[in-house]
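# Survey of secondary and tertiary structure
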Amino acid sequence: MNNNKCTPRIPFSRLVVCLVLAVFLNSCKTSKVVKGSSMADHNIALKDIIKTHEVAIPNFKTLAARVQVNYSDNKKSQSITVSLRMKKDKTIWIKASMLGFTFAKINITTERVSYYEKLSGSYFDGDYQLLSEWLGTELDFNKVQNILLGQSIFKLDKSKYTSTIYENKYKIEPKQQPENFIHSILLNPSNFKVALETLSQPNDHRLLSVDYGTYQKIEGDDYPSEVLILTSENNKKTSIELKFKKIDHNPSVRFPFTIPEGYKELVLK
C-alpha cells in the first residue's frame, strides 16, 4: 500500500494569473521617468523625481569645452578661459592659458588629483584633499563630475529624503538633517537638473552653494551654461563662476599631463 500523500496541483490557468498579477503589482512599485514641464507637480512621487534626475545625466563618452572662469576671494580676483576635457567616469582635464601660454593644468582621475602651476613653480599630486579643501567639503571623482554636469553632489535616497515644492522647483532634503551637515537641493521641473544645491556645516562655519543658471541642449541632453560656486569658511569667502562658451560632444581628445622637473610640492596641512 502506498502511503505517500499527493500534493494538490495549482491549475495552470490560475498560476498564470498569479504570475501576471505579481509582475503588475511589482511594476507599480518601481520608479518611473516623468516628463518635464514648466510647472512643478505636487502629484509626482519623490521616487520618480529622483529617478528622472538620475537619468538626466548627459550621455557622452568624451567632452571638450571652452570655459570662462571668474575667480575671487578675500584677496584677489581674476578671469581666465580654460580648456576642459572629460572622459566620462574616468578623467577630467583642465588647462589654463593666456595668450597661448599655459600656466596651469589639472588632471583628475577616479583615484588622483594632479595639479601644477608655472607661475609659482609648484605642484600637487595626491588624493582629493586639495579639491576638498578648496570647496570646503569632502569630494571624490563622481561629485566633481556631477558639479560640472548639473547633477546632485550627493546620492539621493528616497527612504532618507523628502520633497516639497518651493518657488516652482522640487526641493529635496533629508528627513532628518544632521546637526552639522545641512543639505538641500532644488531641481528644475522642466529638466529635473539642479537649480541650486547647498551644504551648510554651522559648527565649522562652512557653507557651500552651487547655483546653476540656464541649461543648453546638446545632442538631446541638458548641459549647464553657467555655474556659480560659492564657499565660505569663517571670514574667508570664495566665488568661482563658470561660463561654458562651447561644448563639443564626443570629440577625439587627449589628456597630456606631465609635472615639470624642479617644481616644489604643495604640502597640505
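Residues numbered from 1 in each chain as written. Predicted model: local features only at pLDDT ≥ 70, side-chain atom pairs only at ≥ 80, totals over all residues. Heavy atoms only, no water.

## A word on the overall build of the protein
In terms of regular secondary structure, the protein is built from four helices and 16 strands. Buried residues in the protein amount to 40% of all 269 residues. When contacts within the protein are restricted to residue pairs at least 6 apart in sequence, those whose partners lie at least 24 apart make up 47%. As presented, the protein carries roughly 16,400 Å² of accessible surface, and 52% of it is formed by carbon and sulfur atoms. (Helix = DSSP H or I, 4+ residues; strand = E, 2+ residues; numbered from the N terminus. Buried < 20%, exposed > 50% of the residue type's maximum accessible area, 1.4 Å probe, protein only. Contact = heavy atoms within 4.5 Å. Areas by Shrake-Rupley, 256 points an atom, 1.4 Å probe, with all protein chains shown as cover.)

## Considerations on the environment of aspartate 211
Assignment of secondary structure puts aspartate 211 in strand 11 (residues 206-212). With near-sequence residues (within four places) excluded, aspartate 211 lies in contact with Ala195, Leu196, Glu226, Val227 and Leu228.

## Remarks on the pairing of strand 6 (residues 122-126)
Counting buried residues along strand 6, four of its five residues qualify, which places the element largely inside the surrounding structure. Note that strand 5 (residues 113-117) and strand 6 share five bridges and pair antiparallel. What sits directly across from valine 113, in strand 6, is glycine 126. Here strand 5 folds back onto strand 6 in antiparallel fashion, the turn holding four residues, of which glycine 121 has a positive phi close to 65°. By the bridge criterion, two bridges tie strand 6 to strand 16 (residues 264-265) in an arrangement that is parallel. The partner of serine 122 across the bridge, within strand 16, is lysine 264. (Pairing = 2+ DSSP bridges.)

## Thoughts on the nonpolar core
Ile108 and Phe244 are the most contacted members of the largest nonpolar core, which totals 57 residues. Top contributing element to this core by residue count: helix 4 (residues 141-149), with five residues. With residues up to four places along the chain from it excluded, the contact list for phenylalanine 244 reads Ala65, Arg66, Val67, Leu84, Leu148, Gln216, Pro224, Ser225 and Val227. (Core = buried A, V, L, I, M, F, W, Y, C linked by side-chain atoms within 4.5 Å.)

## Overview of unusual backbone geometry
At asparagine 168, a position not held by glycine, the phi torsion is positive, near 60°. Position of asparagine 168 among the secondary structure elements: in the loop between strand 7 (161-166) and strand 8 (169-174). On the accessibility criterion, asparagine 168 (28% relative accessible area) is partly exposed. One non-glycine residue, glutamate 219, lies in the positive phi region at around 50°. Looking at where glutamate 219 falls in the secondary structure, it is placed in the loop between strand 12 (215-218) and strand 13 (221-224). Residue glutamate 219 is classed as exposed on the basis of its relative accessible area of 62%.

## Comments concerning the packing of aromatic side chains
Per the stated rule, a full pass over the model turns up six aromatic pairs. On the numbers, 5.4 Å between centres and 50° between planes, the contact of tyrosine 116 with phenylalanine 257 is tilted. With tyrosine 116 in strand 5 and phenylalanine 257 in the loop between strand 15 (236-249) and strand 16, the pair connects residues that are 141 residues apart, well separated along the chain. Aromatic pair tyrosine 116 and tyrosine 263: ring centres 6.1 Å apart, planes at 85°, arrangement edge-to-face. Taken together, the residues span a long stretch of sequence, with tyrosine 116 in strand 5 and tyrosine 263 in the loop between strand 15 and strand 16 at a distance of 147 residues. Three or more aromatic residues joined by ring pairs form one cluster here, namely Tyr116, Phe257 and Tyr263. One Lys or Arg, lysine 88, reaches over the ring of phenylalanine 60 and ends 5.5 Å from the middle of that ring. For the cation-ring pair, lysine 171 lies above tyrosine 166, with the distance from its terminal atom to the ring centre recorded as 5.3 Å. (Phe/Tyr/Trp six-rings, centres within 6.5 Å; stacked < 30°, edge-to-face > 60°. Lys NZ or Arg CZ within 6 Å of the ring centre and 35° of its normal.)

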